[in-house]
Amino acid sequence: MLPEARKYSYQEFLELTKDKRAEFIDGQIYLWASPSTEHQRTVGRLFAKFLEYFEDKGCEPFVAPYDVIFENENTGEKHVVQPDIIVICDKSKITAENYRGIPKLIVEVLSPSNASHDYIKRWIYIRGLV
């Protein structure tokens, strides 16, 4: 459990969510339970198609959980999201733990239980805070 409803710093997010599936958007921490079986089936099938399509094209698909960090270089504002599937073509921004930048493609599989949160993440994707 998080101590209170307030805005958190990026450092607090890192400390509070070690070994947890979590996202950090606009200073809020979102903890996640495991997705449903149908969600996993859909993501798995799409990911398999992406693996096949992007083979030998210089891009690499990744499947959640995998942190994507959007950072505004001017303000230092950071957001950490875990899209269902991403495709990365700029591999120079891949670290041992995450990807720091804007993926070439972001896929979110909407489920009734997570649709409203995925719409919040959409604004992060649109703003492209890099």
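Residues numbered from 1 in each chain as written. Predicted model: local features only at pLDDT ≥ 70, side-chain atom pairs only at ≥ 80, totals over all residues. Heavy atoms only, no water.

Draft legend 1. Main features of the state of the cysteines. According to the stated counting rule, one finds 1 disulfide in the structure shown. Residue pairing for Cys-59: its cysteine sulfur links by disulfide to Cys-89, the two sulfurs lying 1.9 Å apart. Of note, the bridge from Cys-59 to Cys-89 carries an S-S torsion of about 105° and is right-handed in sense. Here Cys-89 lies in the loop between β6 (85-88) and β7 (98-100) and Cys-59 lies in the loop between α2 (37-54) and β3 (60-63), a separation of 30 residues in the sequence. (Disulfide = S-S within 2.5 Å. Helix = DSSP H or I, 4+ residues; strand = E, 2+ residues; numbered from the N terminus.)

Draft legend 2. Region of interest: the nonpolar core. Counting 11 residues, the largest nonpolar core consists of Ile-25, Phe-62, Tyr-66, Val-68, Phe-70, Val-81, Ile-86, Ile-88, Tyr-99, Ile-124 and Tyr-125. Looking at this core, the elements that each hand over two or more residues are β4 (67-71), β6 and α3 (115-127). (Core = buried A, V, L, I, M, F, W, Y, C linked by side-chain atoms within 4.5 Å. Buried < 20%, exposed > 50% of the residue type's maximum accessible area, 1.4 Å probe, protein only.)

Draft legend 3. Molecular detail of the side chain of Asp-84. Tracing the backbone shows Asp-84 in the loop between β5 (78-81) and β6. For Asp-84, which is buried and forms no salt bridge, the nearest opposite charge comes from Arg-21, at a distance of 4.7 Å. Reaching out from Asp-84, the side chain makes a polar contact with the side chain of His-39 at a distance of 3.4 Å. Those residues in contact with Asp-84, other than ones at most four positions away along the chain, are His-39, Val-43, Phe-62, Val-63, Ala-64, Val-107, Glu-108 and Val-109. (Lys, Arg positive; Asp, Glu negative; His and termini not counted. Salt bridge = Lys/Arg side-chain N within 4 Å of Asp/Glu carboxyl O. Polar contact = N/O pair within 3.5 Å; in protein donor to acceptor, adjacent residues only side chain to side chain. Contact = heavy atoms within 4.5 Å.)

Draft legend 4. Layout of the pattern of salt bridges. If you walk through the whole model with that rule in mind, you get 5 salt bridges. A salt bridge links Lys-121 to Glu-23; the shortest N-O distance between them is 2.9 Å. In this pair, Lys-121 sits in helix α3 while Glu-23 sits in strand β1 (residues 22-25), placing the two residues 98 residues apart along the sequence. Note on accessibility: Lys-121 and Glu-23 belong to one class, buried. One salt bridge in this structure joins Glu-108 and Lys-121, with 2.8 Å as the shortest N-O distance. Taken as a pair, Glu-108 in the loop between β8 (105-107) and α3 and Lys-121 in helix α3 lie far apart in primary sequence, 13 residues in all.

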